[in-house]
Amino acid sequence: MEYKVDDKELRTDTFLSFVDKIWPGNYDTEKTEAALTKTINITAYDGQTLVGCLRILSDGYFFGTITELLVLPEYQKQGIGSRLLNLAKEHTPTMLYFGAQPGVEEFYEKNGCKRSLQSYVINLDG
């Protein structure tokens, strides 16, 4: 497994193909490309295949958040998510706040994360 911190070579088409296997959707290529340039992308590759990705959005001083931590289903339970999370802890410029999908809280807690503030969502209409 090869891990890359701040993966500047992460291609939009590679990322979208990867994400679609976990969160199927109709994603906009241009908006995704712009989004990837605004985050610190920590990736895991099995050969040429992207199998895991954690993205950090940060202002570099006050605030940072993990936008997502994704691992292909067939690669889960192999330590890849834990390694990505540890790399994020080692390379983030700020404290990180993030939400967790229900049911995965134990994963974060076993990796040293502490429960914090309740999270809320403001959805855009349309």
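Bear in mind the structure is a predicted one, so any value in this text is a computation, not a measurement. (Residues numbered from 1 in each chain as written. Predicted model: local features only at pLDDT ≥ 70, side-chain atom pairs only at ≥ 80, totals over all residues. Heavy atoms only, no water.)

A.B. asks: Any details on the environment of Glu 74? Residues and values, ideally.
C.D. replies: Its location among the elements puts Glu 74 in the loop between strand E4 (64-71) and helix H3 (80-91). By relative accessible area, Glu 74 is classed as exposed at 53%. In this structure the C-alpha to C-alpha distance between Glu 74 and Gln 101, which are 27 residues apart in sequence, comes to 19 Å. (Helix = DSSP H or I, 4+ residues; strand = E, 2+ residues; numbered from the N terminus. Buried < 20%, exposed > 50% of the residue type's maximum accessible area, 1.4 Å probe, protein only.)

A.B. asks: Describe the sheet that holds strand E3 (residues 49-58), and please don't skip the residues or the numbers.
C.D. replies: Strand order across the open sheet formed by five strands is E1-E2-E3-E4-E5, with mixed pairing between neighbours. With one partner strand each, in any of the chains shown, strand E1 (2-4) and strand E5 (96-97) form the two edges of the open sheet. Here two bridges tie E4 to E5, and the two strands are oriented parallel to one another. Bridged to Gly 64 within E5 is Leu 96. (Pairing = 2+ DSSP bridges.)

A.B. asks: Tell me about the nonpolar core, and name the residues and values.
C.D. replies: Of all hydrophobic cores here, the largest spans 26 residues; its most connected members are Leu 10, Phe 15, Phe 18, Ile 42, Leu 54, Ile 80 and Leu 84. For this core, the secondary-structure elements that each account for two or more residues are helix H1 (12-22), strand E2 (40-46), E3, E4 and H3. Not counting the four nearest positions on each side in its chain, Ile 80 is found in contact with Met 1, Tyr 3, Ala 44, Val 51, Val 71 and Tyr 75. (Core = buried A, V, L, I, M, F, W, Y, C linked by side-chain atoms within 4.5 Å. Contact = heavy atoms within 4.5 Å.)

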